[in-house]
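The lines below spell out each chain.
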Amino acid sequence: GLELKHRFRPDTNLEARRVFLDVLGRRPAFARAHVALSWTWLFEVWWWWGWTGTPEASLAEAWSAADKGVELDDLDAEVHWLLGELNMMQRRYDRTEAEYRRAMQLNPSLADVRANWGSTANRLGTADEGVASLELAMRLNPNSPVWYGWFYGAALYGAGRFEEAAAVLHAAMAHTVVS
């Protein structure tokens, strides 16, 4: 399911959701499956994808699965990262930051959280913090996915470091495949 979810396509996202629902049918107390399921619903409505015609319903499903995940395991950094993103979608910026900070406190070495926080910090107006978080993420994951570069370039731009941003974004563009 995770491998399917991480392809970031509508068809594989739905297939991943079916896998997670199957797992939860057999193990309803598996917190990580609730978290992964929630991501599939969030991906349908995320800023740049918009795969659904019913974003309110998908967002409600994402919240429901995330709430179950945090109820089952409040010490999972990924569920707090997810809650940060869900709060960001609803423009609850104080909650967004609080959930991200909780995720980073629980697992300071989780590179994807650091990278996403870098992007989110940039969008919240603290681009310098975003740059620092993305630089840490890239040290934690030296084989990082291309989206780290996109987020890093955007944070550099937000911090007014335009030449660096252009170089980073140009390099990220060279490694981006759009189908």
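Please refer to the structure placed before this passage.
Residues numbered from 1 in each chain as written. Predicted model: local features only at pLDDT ≥ 70, side-chain atom pairs only at ≥ 80, totals over all residues. Heavy atoms only, no water.

### A few points about the overall build of the protein
A tally of helices and strands in the protein yields 10 helices and 0 strands. Start at the N end of the protein and walk to the C end: the helices and strands fall as α-α-α-α-α-α-α-α-α-α. In terms of overall dimensions, the protein is globule-like: its C-alpha atoms have a radius of gyration of 16 Å, near the 16 Å expected for 179 residues. Expressed along its principal axes, the backbone C-alpha trace of the protein runs to roughly 50 × 35 × 30 Å. Of the contacts made within the protein by residues no fewer than 6 positions apart, 49% connect residues no fewer than 24 positions apart. With an accessible surface of roughly 9,400 Å², the protein has 56% of that area assigned to carbon and sulfur atoms. (Helix = DSSP H or I, 4+ residues; strand = E, 2+ residues; numbered from the N terminus. Rg over C-alpha atoms; globule rule 2.2 N^0.38 Å. Contact = heavy atoms within 4.5 Å. Areas by Shrake-Rupley, 256 points an atom, 1.4 Å probe, with all protein chains shown as cover.)

### So, the packing of helix α5 (residues 77–89) against helix α6 (residues 93–106)
For the pair α5 and α6, interaxial distance at closest approach is 8 Å and the crossing angle is 165°. It follows from the interaxial angle that α5 and α6 lie roughly antiparallel. As for how α5 packs across α6, the hand of that crossing is left-handed. Residues Ala77, His80, Trp81, Leu83, Gly84, Glu85, Asn87 and Met88 of α5 form the contact with α6, whose participating residues are Tyr93, Arg95, Thr96, Glu99, Tyr100, Arg102, Ala103 and Leu106. (Axes fitted to C-alpha atoms, helices over the stretch in contact; angles between N-to-C directions. Parallel < 35°, antiparallel > 145°, perpendicular 65-115°, else oblique. Left-handed = near helix turned anticlockwise from the far one by under 90°.)

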